[in-house]
Structure formats: C-alpha cells, structure tokens
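# Understanding the architecture of this molecule
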Amino acid sequence: MKTLYVVRHAKASWDNKFLTDYERPLTDTGIQDANSIGEYFNTKKYIPECVLSSSAKRTTQTADILIQKISKKNIKILTDKSLYGASVNETLNILHAFDNSINQLMIVGHNPTTTMIINEISDSRIDHVPTTGVAIIKFDIKKWADLKNQGMLIEFIFPKKLCKLTGNEN
C-alpha cells in the first residue's frame, strides 16, 4: 500500500517585479495557510516519510512549513528542479522511479499539473486545486512504478475548506 500526498504550493507574492516566477516567495497568507494545513496533517496523523518538492522558492517554503508542523521526526525533503513546469507524464516518470522503501510520499508542486495529476491517478475529479490544496490518495501497489489511475482519493483539503471544518472562518 502506498499513499501519495499531492500538494499545490501556498500563495506566492507578485510584489517584487524583479524576481522571476521561480524565485517568488510565499505571502503572509501563504505562510499562514501552510501552517494551518500542516497542523491539520499533524492532527490527522498524515505523516509522509519523504517530501519531493519542486525547487522553486514557493514550493520549498511550503514543504518546509508543512514538515515543521506535521512531525517532530526528521522527514527527508528532496528537491527536483524538473518538477517546475513539469507535465503530468514527466511528473509520473519521476514518481515511477521513486524509492519503493518509501510508502508515504508527499509531492509539492504547481498548477495546472497538480490538478491534472490528481485527476489522472485518482478515482475522483477535481476542477481546480487552490493554493495549499492537498489530495491524499491511496494505492494498492507495492512499487511506485505501478502507480497508475487506480488511486482512491481519501481526502481533499484546502485552506477555505479547513476554515469551514474548524469553524474559524474570517
């Protein structure tokens, strides 16, 4: 059994016009949302063994915040520049080659690929993954190379939905 946590990065800033898209950092709202989702993960005991993140600044910041909130144990974070702008097939190729000793993997990336990959590999259809949105998908497989479109969507959570669930709407 494998579990994949598919995460779209938190809200990023457009304030500094001199930064490239790749270099854009999180906004204060993005930081707050990533902390909230990380706390939710911790409460639900959603604890990945490893995190694979695009190397863009906003995705690495999101991954770092999530891991700080999720667990006190040392969770390995790997970055892959090729995830920035990767297609669904390119992302699947990266996942297919992943270490099979890892059973719970988190991938932090970008839209539209995040939305498209969830729709490709799960039994559900999602129109749009908002920033800091996460899909938890379980697969009855032993090897990541066998990852196909047979995953079962366990949960789809994002900041606004979390606020409604916890009654902390602003």
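The shown structure was predicted, so the numbers you read here are calculated from the model rather than taken from an experiment. (Residues numbered from 1 in each chain as written. Predicted model: local features only at pLDDT ≥ 70, side-chain atom pairs only at ≥ 80, totals over all residues. Heavy atoms only, no water.)

### Thoughts on the packing of aromatic side chains
In this description, a pair of aromatic rings is defined by centroid distance and the angle of the planes. We apply this condition: Paired rings are identified among Phe, Tyr and Trp, the last through its six-membered ring, by centres lying within 6.5 Å, and are further divided according to the angle between planes into stacked (under 30 degrees), edge-to-face (over 60) and tilted (the rest). A run of H or I in DSSP becomes a helix once it reaches four residues, and a run of E becomes a strand once it reaches two; helices and strands are each numbered from the N terminus. For every residue, the accessible area (1.4 Å probe, protein chains only) is compared with the maximum for its type, and the residue is labelled buried under 20%, exposed over 50%, or partly exposed between those bounds. The criterion for a charge sitting over a ring is simple: Lys NZ or Arg CZ within 6 Å of the ring centre, and within 35 degrees of the ring normal.
Within the structure shown, the criterion is met by five aromatic pairs. On the numbers, 5.5 Å between centres and 50 degrees between planes, the contact of Tyr 5 with Phe 41 is tilted. In this pair, Tyr 5 is assigned in strand S1 (residues 2-8) and Phe 41 in helix H1 (residues 28-44), connecting sequence segments 36 residues apart. A relative accessible area of 1% means that Phe 41 is categorised as buried. With centroids separated by 5.0 Å and ring planes inclined at 90 degrees, the aromatic side chains of Tyr 22 and Tyr 84 adopt a geometry described as edge-to-face. With Tyr 22 in the loop between S1 and H1 and Tyr 84 in the loop between strand S3 (76-80) and helix H3 (88-96), the pair connects residues that are 62 residues apart, well separated along the chain. According to the relative accessible area criterion, Tyr 22 is partly exposed, its value standing at 23%. Under the relative-accessibility criterion, Tyr 84 is labelled partly exposed at 31%. Of the aromatic side chains, those joined through ring pairs into one cluster are Tyr 5, Phe 41 and Tyr 46. Over the aromatic face of Trp 14 sits the side chain of Arg 24, whose NZ or CZ is 3.6 Å from the ring centroid.

### Remarks on the nonpolar core
What counts, and what does not: Within this scheme, the nonpolar core is defined by two criteria: the residues are buried Ala, Val, Leu, Ile, Met, Phe, Trp, Tyr or Cys, and they are joined through side-chain atoms within 4.5 Å. Contact definition: two residues touch when any of their heavy atoms are within 4.5 Å.
With 26 residues, the main nonpolar core has Leu 4, Leu 105, Ile 117, Ile 118, Ile 121, Ile 137 and Leu 147 as its most contacted residues. Every element with two or more residues in this core is listed here: S1, strand S2 (50-54), H3, strand S4 (104-109), helix H4 (113-121), strand S5 (134-139) and strand S6 (152-157). Counting residues per element, this core draws most heavily on H3, at four residues. Those residues in contact with Leu 4 that lie beyond four places of it in its chain are Leu 95, Leu 105, Ile 107, Ile 121, Ala 135, Ile 136, Ile 137, Phe 139 and Trp 144. Membership of the second largest hydrophobic core comes to 18 residues, among which are Tyr 5, Tyr 40, Val 51 and Ile 157.

### Examining the pairing of S3
Condition: A pair of strands is labelled paired if DSSP reports no fewer than 2 bridges between them. Handedness rule for crossovers: strands pointing away from the viewer, path from the first strand over the helix to the second running clockwise, crossover right-handed.
Bridge count between S2 and S3: five bridges; the pairing is parallel. Along S3, the bridge assignment pairs Cys 50 with Lys 76. This β-α-β element, S2 to helix H2 (residues 57-70) to S3, shows right-handed connectivity.

### Some thoughts on the sheet that holds S2
Each strand in a sheet pairs with its neighbour through backbone hydrogen bonds, running either in the same direction (parallel) or in the opposite one (antiparallel). Our working definition: Angles here are taken between N-to-C directions and fall from 0 to 180 degrees, while the axes themselves are lines fitted to C-alpha atoms, restricted in helices to the stretch in contact.
Strand order across the open sheet formed by six strands is S3-S2-S4-S1-S5-S6, with mixed pairing between neighbours. Bordering the open sheet on either side are S3 and S6, each of which pairs with just one other strand. Going from strand to strand, the sheet's axes swing by 20 degrees on average, the running direction of each strand aside. Its contacts with the sheet place H4 against S1, S4 and S5, and it is angled at close to 155 degrees to S1.

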